[in-house]
Amino acid sequence: MTASDASLVREALAQYGLGGAQAQLLRHNENLTYRIDADAGRYVLRIRKPVPGFSLSTMDADATPLALAQSEAALLAHLSQRSELAVQTPRPTLAGTLTCVLSGGYSASLLSWLDGATPDKAQWETMAGDLGEMAARLHRACEGFGGARYRYSHRLISNLQTELATAHERAHLSAGQLSVCLSALSAIDRIMTRLDGEPRSTALLHADLSPGNVVLMDGGTLAPIDFSLSGYGYRAQECGMLATQFRSRSACEELRLSYERVSGCRIRPEEQDAFAALSVLLFAAAQHNRFAGEAWFQTSLDAWCSGCFVSDHWGA
């Protein structure tokens, strides 16, 4: 923990009346996330401070970072009141707010701790059906929430096209890679247009379900965590993003069918594939400044451009 980050942690904990609590860094991506051990219990402290090189500039949101952090806390409070799913609940500050503002303009929230573990690879591969059901139940529980969130929209597609063109200008993508990415984004945009005309095609999504954002609790219950990228989008997108986390085609099919059974909404296999590609394109756009110089990133780009970004079979 750097001295500046340690100072932010102390400042945040003071606003929650937890001075002297112990903090352990869990991870750093779009947030600094810490486990907090205090006399009053165990918590998760999340400070909205992206790791250097990680950018959310392509995301579509008509709200400030502070407003998004506040609405994320409000969403968790909404879910804790009306969902049978286990979720982290925000703890109010001493001033009674669900978030606080720190030096430098960073915002922070303190959440309840969920006892459990991150699923290992073997466990995760057996969970496709359960995850599809969890996603459907989560979408149902999010109904009625209207706070400021990201929008996985046509404007997002435009933003991604611009950012990836910038990545090419910086020699982070080749001309051939850029051409494939832009073709995939155009096809995804057409699928979005088709879904715009279909009832119940959209929902409030978690939009970042992965092994690191799911807690396997005692008894096998699955609990989603980290709603910082949640937003309004297409149901097929949630299934597609989840599908990127599985190696087998049969697991992706099980996930999709489980979601359909619980939600009552149809997800076409080609839509799942298209939104899986969108998930990877979002990663490339957000992380190219951070990883462009690393060999694995270029190798991965080549594999994606010859595989999941190929849109010929999407029916768009």
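Since the model is a prediction, treat every value here as computed from it, not as a measurement.

Asks: Got a minute to help me understand the overall build of the protein in this structure?
Replies: Broken down by element type, the protein carries ten helices and ten strands. Computed over the C-alpha atoms, the radius of gyration of the protein is 20 Å, within 12% of the 20 Å expected from 2.2 N^0.38 for a compact globule of 316 residues. With the principal axes as the frame, the protein shows a C-alpha extent of 55 × 45 × 35 Å. Taking all 316 residues of the protein together, the buried fraction comes to 53%. Of the contacts made within the protein by residues no fewer than 6 positions apart, 73% connect residues no fewer than 24 positions apart. Distance between charge centroids for the protein: 3 Å, based on 27 positive and 33 negative side chains.

Asks: Would you mind showing me how to read the pattern of salt bridges here?
Replies: Opposite charge on two side chains makes pairing possible when the charged atoms of those side chains draw close. Under the criterion given, the structure shown has 16 salt bridges. Linking glutamate 271 and arginine 194 is a salt bridge whose minimum nitrogen-to-oxygen distance equals 3.2 Å. Here the residue glutamate 271 occupies a position in helix H9 (residues 269-291), and arginine 194 occupies one in helix H6 (residues 175-196), the gap between them amounting to 77 residues. When its relative accessible area of 28% is taken as the criterion, arginine 194 is described as partly exposed. Across the salt bridge formed by glutamate 253 and arginine 256, the nearest N and O atoms sit 2.8 Å from each other. With a gap of three residues between them, glutamate 253 and arginine 256 both fall in helix H8 (residues 249-263), about one helical turn apart. Given a relative accessible area of 34%, glutamate 253 falls into the partly exposed group.

Asks: Help me understand unusual backbone geometry in this model?
Replies: Of all residues except glycine, most have a negative phi; of all peptide bonds, most are trans. Despite not being glycine, arginine 200 has its phi angle at roughly 60°, a positive value. Examined against the element boundaries, arginine 200 turns out to sit in the loop between H6 and strand S7 (202-205). The backbone of aspartate 226 sits at a positive phi, close to 60°, despite the residue not being glycine. Following the sequence through the fold, aspartate 226 ends up in the loop between strand S9 (222-224) and strand S10 (231-234). Using a relative accessible area of 6% as the deciding quantity, one classes aspartate 226 as buried.

Asks: Got a minute to help me understand the sheet that holds S10 in this structure?
Replies: Two strands in a sheet stick together by hydrogen bonds in their backbones, pointing the same way (parallel) or opposite ways (antiparallel). In space, the three strands of this open sheet follow the order S6-S10-S7, with mixed pairing throughout. At either end of the open sheet lies a strand with only one pairing partner, and these are strand S6 (150-151) and S7.

Asks: Help me understand the side chain of serine 210 in this model?
Replies: Position of serine 210 among the secondary structure elements: in the loop between S7 and strand S8 (214-216). Non-local contacts of serine 210, meaning those with residues more than four positions away in its chain, are made with Trp124 and Gln245.

Asks: Looking at this structure, how should I read the side chain of glutamate 271?
Replies: Look at glutamate 271 and you get buried, because its relative accessible area is 1%. For glutamate 271, the side chain forms a polar contact with the side chain of arginine 194, separated by 3.2 Å. A distance of 2.3 Å separates a polar atom in the side chain of glutamate 271 from a polar atom in the side chain of arginine 268.

Asks: Explain H8 to me, please; I cannot follow it from the model alone.
Replies: Three or four residues apart is the spacing at which side chains of an α-helix point the same way, because the helix has 3.6 residues per turn. In this model H8 runs 21 Å from its N-terminal to its C-terminal C-alpha over 15 residues, within 8% of the 21 Å that 1.5 Å per residue would give. Ala251, Cys252, Leu255, Arg256, Ser258, Tyr259, Glu260, Val262 and Ser263 are the residues of H8 that are buried. Here the buried face of H8 lies against helix H4 (128-142), helix H7 (235-243) and H9. Once H8 ends, the next one or two residues include glycine 264, with phi positive near 75°.

Asks: Would you explain the packing of aromatic side chains in this entry?
Replies: Each aromatic ring pair is described using two quantities: the centre-to-centre distance and the angle formed by the ring planes. Inspection of every chain in the model, using the stated rule, returns eight aromatic pairs. With centroids separated by 5.6 Å and ring planes inclined at 20°, the aromatic side chains of tryptophan 124 and phenylalanine 246 adopt a geometry described as stacked. Highlighted residues: tryptophan 124 in helix H3 (residues 121-125) and phenylalanine 246 in the loop between H7 and H8, separated in sequence by 122 residues. For the pair phenylalanine 283 and tryptophan 304, a centre-to-centre distance of 6.2 Å together with 85° between the ring planes defines the contact as edge-to-face. With a gap of 21 residues between them, phenylalanine 283 in helix H9 and tryptophan 304 in helix H10 (residues 295-306) connect regions that are remote in the sequence. Among the aromatic residues, those joined into a ring-pair cluster are Phe283, Phe291, Trp296, Phe297, Trp304 and Phe309. If you follow arginine 42 out to its NZ or CZ, it ends over the ring of tryptophan 113, 5.4 Å from the centre.

Asks: Help me understand the packing of H7 against H8 in this model?
Replies: Helix-helix packing: each pair is described by the crossing angle between the helix axes and the interaxial distance. Axis separation between H7 and H8 bottoms out at 9 Å; the angle between their running directions is 150°. On the basis of the axis angle, H7 is roughly antiparallel to H8. The interaxial crossing formed by H7 with H8 has right-handed handedness. Contacts from Arg235, Cys239, Leu242 and Ala243 of H7 reach H8 at Cys252, Leu255, Tyr259 and Ser263.

Calculation criteria
Residues numbered from 1 in each chain as written. Predicted model: local features only at pLDDT ≥ 70, side-chain atom pairs only at ≥ 80, totals over all residues. Heavy atoms only, no water. Helix = DSSP H or I, 4+ residues; strand = E, 2+ residues; numbered from the N terminus. Rg over C-alpha atoms; globule rule 2.2 N^0.38 Å. Buried < 20%, exposed > 50% of the residue type's maximum accessible area, 1.4 Å probe, protein only. Contact = heavy atoms within 4.5 Å. Lys, Arg positive; Asp, Glu negative; His and termini not counted. Charge placed at Lys NZ, Arg CZ, Asp CG, Glu CD. Salt bridge = Lys/Arg side-chain N within 4 Å of Asp/Glu carboxyl O. Pairing = 2+ DSSP bridges. Polar contact = N/O pair within 3.5 Å; in protein donor to acceptor, adjacent residues only side chain to side chain. Expected span 1.5 Å × (residues − 1). Phe/Tyr/Trp six-rings, centres within 6.5 Å; stacked < 30°, edge-to-face > 60°. Lys NZ or Arg CZ within 6 Å of the ring centre and 35° of its normal. Axes fitted to C-alpha atoms, helices over the stretch in contact; angles between N-to-C directions. Parallel < 35°, antiparallel > 145°, perpendicular 65-115°, else oblique. Left-handed = near helix turned anticlockwise from the far one by under 90°.

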